[in-house]
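Secondary and tertiary structure notes
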Amino acid sequence: FIGPSFMSNQPWLKSKMHDKIKSLPKKSRLGNTFFFSQNGVDKYLLDNIFHYRSNGKFIDCGASNGINSNITFSFELCFNWSGILIEPSFAYEHCLSNRSPKNHFSRSVLSSASGTKVRYNHHKLGCFSGDSKIADIKDRQNENHWIFKARTKTLTSLINSSGYSSDVIDLMCVNANGHEQHII
């Protein structure tokens, strides 16, 4: 497998994708289409909603590392979609900011209001919880969590600053661990 041209300048990503795709079970492949989401959500959307359409636009809130259990990566990799990747974690910034030059990446905390100070609890295995009780009780780093402070942004302000404000957004994925109602 030779990845798309955007991977050619990112050898670490090309290598990671090559290993990931080689390890996919046959049910995760359909011809040259690869599926990365949990429970086949990307395949379902492509089969039933988007009918394998190319060149769409997405917003992916809570994109995690942008590959594992990610809905939008199949759309981008196989159908030339692009969009806004939003993930507050420092741990995933390098992977997401280098996923494709067509995308806009923002390491943001989304909420219904901009400028609110929040503390985030990031489990070292990748789970996030915003303004969590763990962050309030243990305002320090421990062996399983990193705590960091950030200011919130609204989804509207992020879209307006991303260059996608005049585009039709075809797909929006929101994985905010219980804070979805504060984002949309």
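See the structure above.
Residues numbered from 1 in each chain as written. Predicted model: local features only at pLDDT ≥ 70, side-chain atom pairs only at ≥ 80, totals over all residues. Heavy atoms only, no water.

**Looking at the nonpolar core**
Convention followed: Here the nonpolar core consists of buried residues drawn from Ala, Val, Leu, Ile, Met, Phe, Trp, Tyr and Cys, with membership extended through side-chain atoms lying within 4.5 Å. For each residue, the accessible area found with a 1.4 Å probe, counting protein chains only, is set against the maximum for its type, and the residue is called buried under 20%, exposed over 50%, and partly exposed in between. A run of H or I in DSSP counts as a helix once it spans at least four residues, and a run of E counts as a strand once it spans at least two, with each numbered from the N terminus. Any pair of residues with heavy atoms lying within 4.5 Å of one another is described as a contacting pair.
With 15 residues, the main nonpolar core has Phe50, Phe75, Trp81, Leu85, Leu96 and Leu171 as its most contacted residues. Of all the secondary-structure elements, those providing two or more residues to this core are helix H2 (41–50), helix H3 (72–79) and strand S10 (171–174). Among all residues touching Phe50, those that are not within four sequence positions of it are Leu45, Phe75, Trp81, Asp170 and Leu171. Grouped together as the second largest cluster of nonpolar side chains are eleven residues, Ile59, Ile84, Leu158 and Tyr164 included.

**Quick notes on helix H6 (residues 155–162)**
The α-helix advances 3.6 residues per turn, and as a result positions three or four apart in sequence lie on the same side. We apply this condition: Throughout, the arc means the angular range of directions from the helix axis out to the C-beta atoms.
Those residues of H6 that fall on the buried side of the exposure criterion are Leu155, Leu158, Ile159 and Ser162. The buried side chains of H6 occupy one side of the element, clustering within an arc of 100° when seen end-on. Opposite the packed face of H6, turned more than 90 degrees from it, sit the exposed residues Thr156, Asn160 and Ser161. Next to the buried residues of H6 lie strand S3 (57–61), strand S4 (82–86), strand S5 (104–106), strand S6 (109–110), strand S9 (145–153) and S10.

**Brief notes about H2**
When H2 is considered as a whole, its buried residues turn out to be Asp42, Leu45, Leu46 and Phe50. Down the axis, H2 shows its buried residues gathered within 95° of arc, on one side only. Where H2 is buried, its residues touch H3 and S10. Positive phi appears at His51, one or two residues downstream of H2, with a value of about 50°.

**Focus: the packing of H2 against H3**
Selection criterion: To get an axis, a line is fitted to the C-alpha atoms, and for a helix only the part in contact is used. The angle between two axes follows their N-to-C directions and goes from 0 to 180 degrees. Roughly parallel here means an angle under 35 degrees, roughly antiparallel means over 145, roughly perpendicular means 65 to 115, and every remaining angle is called oblique. A clockwise turn of the near helix away from the far one marks a right-handed crossing, whereas an anticlockwise turn of less than a right angle marks a left-handed crossing. Put simply, Ala, Val, Leu, Ile, Met, Phe, Trp, Tyr, Cys and Pro go in the nonpolar bin, Asp, Glu, Lys and Arg in the charged bin, and everything else, Gly too, in the polar bin.
Running from amino to carboxyl end, H2 crosses H3 at an angle of 65°, the nearest separation of the two axes being 8 Å. Comparing their axes, H3 and H2 come out roughly perpendicular. Viewed along their axes, H2 and H3 form a crossing whose handedness is right-handed. Residue-level contacts link Asp42, Leu45, Leu46 and Phe50 of H2 to Ser74, Phe75 and Phe79 of H3. Class assignment for the residues of the contact of H2 with H3 results in five nonpolar, one polar and one charged.

**Quick notes on the state of the cysteines**
Worth spelling out the cut-off: Cysteine sulfur atoms are paired as a disulfide whenever they come within 2.5 Å of each other.
One pass over the full model with this rule turns up zero disulfides. Between Cys173, a cysteine without a disulfide, and Cys61, which holds the nearest cysteine sulfur, the sulfur-to-sulfur distance is 8.4 Å.

**Considerations on the packing of aromatic side chains**
The line we're drawing: Pairing of aromatic rings covers Phe, Tyr and Trp, the last counted by its six-membered ring, and requires centre-to-centre distances within 6.5 Å; plane angles under 30 degrees mean stacked, over 60 mean edge-to-face, and any other angle means tilted.
Evaluated as defined, the whole model comprises five aromatic pairs. A ring pair is formed by Phe75 and Trp81, whose centres lie 4.7 Å apart and whose planes are at 70°; its orientation type is edge-to-face. Of the residues examined, Phe75 reaches a relative accessible area of 0% and is grouped as buried. We classify Trp81 as buried; its relative accessible area is 0%.

**Let's talk about the pattern of salt bridges**
Basically, it comes down to this: Salt bridges are counted wherever a side-chain nitrogen of Lys or Arg sits within 4 Å of a carboxyl oxygen of Asp or Glu.
Overall, the coordinates contain four salt bridges when judged by the stated rule. A salt bridge links Lys43 to Asp47; the shortest N-O distance between them is 2.7 Å. Remark: Asp47 and Lys43 occur in helix H2; sequence separation between them is four residues, near one turn of the helix. With relative accessibility at 27%, the residue Lys43 sits in the partly exposed group.

Just geometry here; none of it tells us what the structure is for.
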